[in-house]
Amino acid sequence: MRAFDIPILMYHEIQPDDERAPLSPTALTRRQFEHQLDVLRRLGRRTVTFDHLFRMMAGTAPRTGREIMLTFDDGYESFRSVVTPALLARDMTATVFVPAGAVGGHNAWDVGSKSGYPRQSLMNENSLREVAALGMEIGAHGWAHRDLTACSPAETGEEIVNAKSRLQDLLGAQVTIFSYPYGRYTKAHFALLAEAGYRGAVAVLSRERFVTSNPYAMRRIRIRPGLGDLRFRFKLSALSLRYKAFRGHPGLADGIPEDIPGITPSARTAPSEKSRG
């Protein structure tokens, strides 16, 4: 597979401008979000899905260098009501990562555990089918949004395997991309994801040379509230992507912890290890 850099933006919730509930530390307003979409359009950026990305990596789809990816973690209802209409109006697409066991529920992993995170509704089954029918890509974000590095073997199986099965049954389509809850993973998870049928996974940070060097450790760009135009444009640049590769995964040896309880050493080699630069 070909390895290259591509900006993969990471969003969470996008709230209507007149939303009365307090914004969480990761939520943008509709106005902020739509302004960023308009910036991308003026820059000539083209949004693609992971399905298209994998074809570019395989050399079966052309790559112009103008491609960009928009991802949304947690599966908030606002993805259906706010994000999808804004994307469709601009002929854009995105990928939303859904905790399969929380479909139709709320962000229980945030409420009560983090200051400033209000309770927010997640998409239900009908909403997921609706956005999928409109061309949005659905990925798995675990089962109960648990940190994989703290899971037992049974919990790990639920987060990876059960989540995929549940979403595929719901959508009637294959789910082939995974987002690590909290961005945390180990090398052992690469093989587990591949065995479950995922073609790749996204995190936040990694030490890979290029974004796509290891399809099971693709780093993303956090988009936070209050990000100005100049900073937003810089985050999309080749220089910024190279800096993130140099920065790696600070605070963790070799980028990610080597061991997690209950996962054998034989599972620690990534299927894509040979493709690393």
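Given the structure is predicted, the values throughout are model-derived calculations rather than measurements.

Trainee: With reference to specific residues and values, describe helix α1 (residues 30–42).
Mentor: Between the first and last C-alpha of α1 there are 18 Å, a value that for 13 residues agrees with the 18 Å anticipated at 1.5 Å per step. When we look at burial in α1, the residues that qualify are Phe33, Gln36, Leu37, Val39 and Leu40. Looking straight down α1, one finds its buried side chains confined to an arc of 155 degrees; they lie on one side. Within α1, the exposed residues directed more than 90 degrees away from the buried face are Arg31 and Arg42. Structurally, α1 contributes buried residues whose contacts are with β1 (8–11), β2 (14–15), β3 (28–29), β5 (67–73), α3 (78–88) and α7 (229–235). A positive backbone phi angle near 80 degrees is found at Gly44, which sits one or two residues after α1.

Trainee: Explain the packing of aromatic side chains to me, using residue names and the numbers behind them.
Mentor: In this structure the tally under the stated criterion is 10 aromatic pairs. Measuring from centroid to centroid gives 5.7 Å for Phe33 and Phe72, while their planes differ by 80 degrees, and the two rings are edge-to-face. Of the two residues, Phe33 is situated in helix α1 and Phe72 in strand β5; the sequence distance between them amounts to 39 residues. Ring geometry for Tyr180 versus Tyr185: centroids 4.7 Å apart, planes at 25 degrees, classification stacked. Judged on exposure class, the residue Tyr180 and its partner Tyr185 are both buried. Here the guanidinium or amino end of Arg63 rests over the ring plane of Phe4, the centre of that ring lying 4.1 Å away. The lysine or arginine in question, Lys164, covers the ring of Tyr198, its NZ or CZ lying 5.8 Å from the ring centre.

Reading the values: the criteria
Residues numbered from 1 in each chain as written. Predicted model: local features only at pLDDT ≥ 70, side-chain atom pairs only at ≥ 80, totals over all residues. Heavy atoms only, no water. Helix = DSSP H or I, 4+ residues; strand = E, 2+ residues; numbered from the N terminus. Expected span 1.5 Å × (residues − 1). Buried < 20%, exposed > 50% of the residue type's maximum accessible area, 1.4 Å probe, protein only. Arc of directions from axis to C-beta. Contact = heavy atoms within 4.5 Å. Phe/Tyr/Trp six-rings, centres within 6.5 Å; stacked < 30°, edge-to-face > 60°. Lys NZ or Arg CZ within 6 Å of the ring centre and 35° of its normal.

The values reported here are purely geometric and, on their own, carry no functional implication.
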